[in-house]
Amino acid sequence: VAGGPELAPADGDQRLPHDSGRDINEEELKDIGVLYYRIPELAGVDALAHERDYKNRDEITVSPAKMGDAYESKVRMFFDEHLHEDEEIRYIRDGKGYFDVRSKGDEWVRIQLEKDDLIILPAGIYHRFTTDEDNYIQAMRLFKEEPKWTPLNRSNDLDGNEYRKACEPPLPN
Ligand code: KMT
Ligand code: NI
């Protein structure tokens, strides 16, 4: 599931693997509040949605075929480091992509996701998303209430944001 902290993407194509060679495991992900599941049956997602009180869902296809001229700007927007004031749950139905999340030491951790992978990012965690070189992913997005996806970009000062403060992991010793 997870590659190690990756190289700075500023110097390259965000869609390349940027694999540092250091694997991290699900325990380390859990330490930063990220949950990962492999769910081969839709029934498993229904159960999880019920458990966590998620009432709505939709599906998004991120690809040039689906998005046309908007594709490149969308992918750049997803890749702007941001947080949300709600959990972000994504269930991959087809294709592949990367979620990058910040570790406790504020390093990037790159998580490659493919069909049947489900990820839960906690509210307030800094993260970003990109497709890979295949430029194609289809994902189900789960929402507690109305579909809402408001990114708060890190370039705005969010230190005082209550969701950010609640999420902020203690610095490693
Ligand atoms: C996100 O939150 O960055 C997205 O919704 C991207 C598409 S879902 C794989
Ligand atoms: Ni997001």
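Note that the structure is predicted; figures quoted are calculated from it, not measured. (Residues numbered from 1 in each chain as written. Chains lettered and ligands numbered in written order. Predicted model: local features only at pLDDT ≥ 70, side-chain atom pairs only at ≥ 80, totals over all residues. Heavy atoms only, no water.)

(A) Region of the structure containing the coordination of the nickel ion (ligand 2). Looking at the metal site, the nickel ion (ligand 2) is ligated by H82 (NE2), H84 (NE2), E88 (OE) and H127 (NE2), spaced 2.0 to 2.2 Å from it. Coordination geometry of the nickel ion (ligand 2): the four donor atoms subtend angles of 72 to 167° at the metal centre, consistent with an arrangement described as irregular. Donor residues for the nickel ion (ligand 2) sit on one chain with the sequence pattern H-x1-H-x3-E-x38-H. (Donors = N, O, S within 2.8 Å, 3.2 Å for Na, K, Ca; no water. Tetrahedral: all angles 85-135°; square planar, octahedral: opposite > 155°, others 65-115°.)

(B) Quick look at the site of ligand 1. Close to ligand 1 lie F78, E88, R90, F129, A139, R141 and W149. Taking E88, its side chain carries an N or O atom lying 2.6 Å from an oxygen atom of ligand 1. With the chains in place, 100% of the 290 Å² that ligand 1 exposes on its own is no longer accessible. Of all the secondary structure elements, the ones that give two or more residues to the shell around ligand 1 are β5 (88-102) and β9 (137-143). (Near = heavy atom within 4 Å. Polar contact = N/O pair within 3.5 Å; in protein donor to acceptor, adjacent residues only side chain to side chain. Areas by Shrake-Rupley, 256 points an atom, 1.4 Å probe, with all protein chains shown as cover. Helix = DSSP H or I, 4+ residues; strand = E, 2+ residues; numbered from the N terminus.)

(C) Region of interest: the packing of aromatic side chains. Applying the stated criterion to the full structure yields two aromatic pairs. Pairing F78 with F129 gives two aromatic rings, centres 5.9 Å apart and planes at 75°, and the pair type is edge-to-face. Of this pair, F78 sits in helix α4 (residues 71-78) while F129 is found in strand β8 (residues 127-131), placing the two residues 51 residues apart along the sequence. Comparing F78 with F129 shows no difference in burial state: the two are buried. Pairing F99 with F129 gives two aromatic rings, centres 4.8 Å apart and planes at 50°, and the pair type is tilted. Highlighted residues: F99 in strand β5 and F129 in strand β8, separated in sequence by 30 residues. (Phe/Tyr/Trp six-rings, centres within 6.5 Å; stacked < 30°, edge-to-face > 60°. Buried < 20%, exposed > 50% of the residue type's maximum accessible area, 1.4 Å probe, protein only.)

(D) Representation of the pairing of strand β7 (residues 117-121) in the model. Most of β7 sits inside the fold, with five of its five residues counted as buried. Side-chain alternation along β7 places D117, I119 and L121 on one buried face and L118 and I120 on a second face that is also buried. Judged from the four bridges that link them, strand β2 (residues 35-38) and β7 form a sheet pairing that is antiparallel. Bridge assignment links Y36 to a residue of β7, and that residue is I119. One ladder, built from four bridges, connects β5 with β7; its direction is antiparallel. (Pairing = 2+ DSSP bridges.)

(E) A look at α4. Three or more residues of α4 are buried, namely Y71, V75 and F78. Seen along its axis, α4 keeps its buried residues to an arc of 60°; they face one direction. Contacts made by the buried residues of α4 are with β3 (56-62), α3 (64-67), β4 (82-83) and β8. (Arc of directions from axis to C-beta. Contact = heavy atoms within 4.5 Å.)

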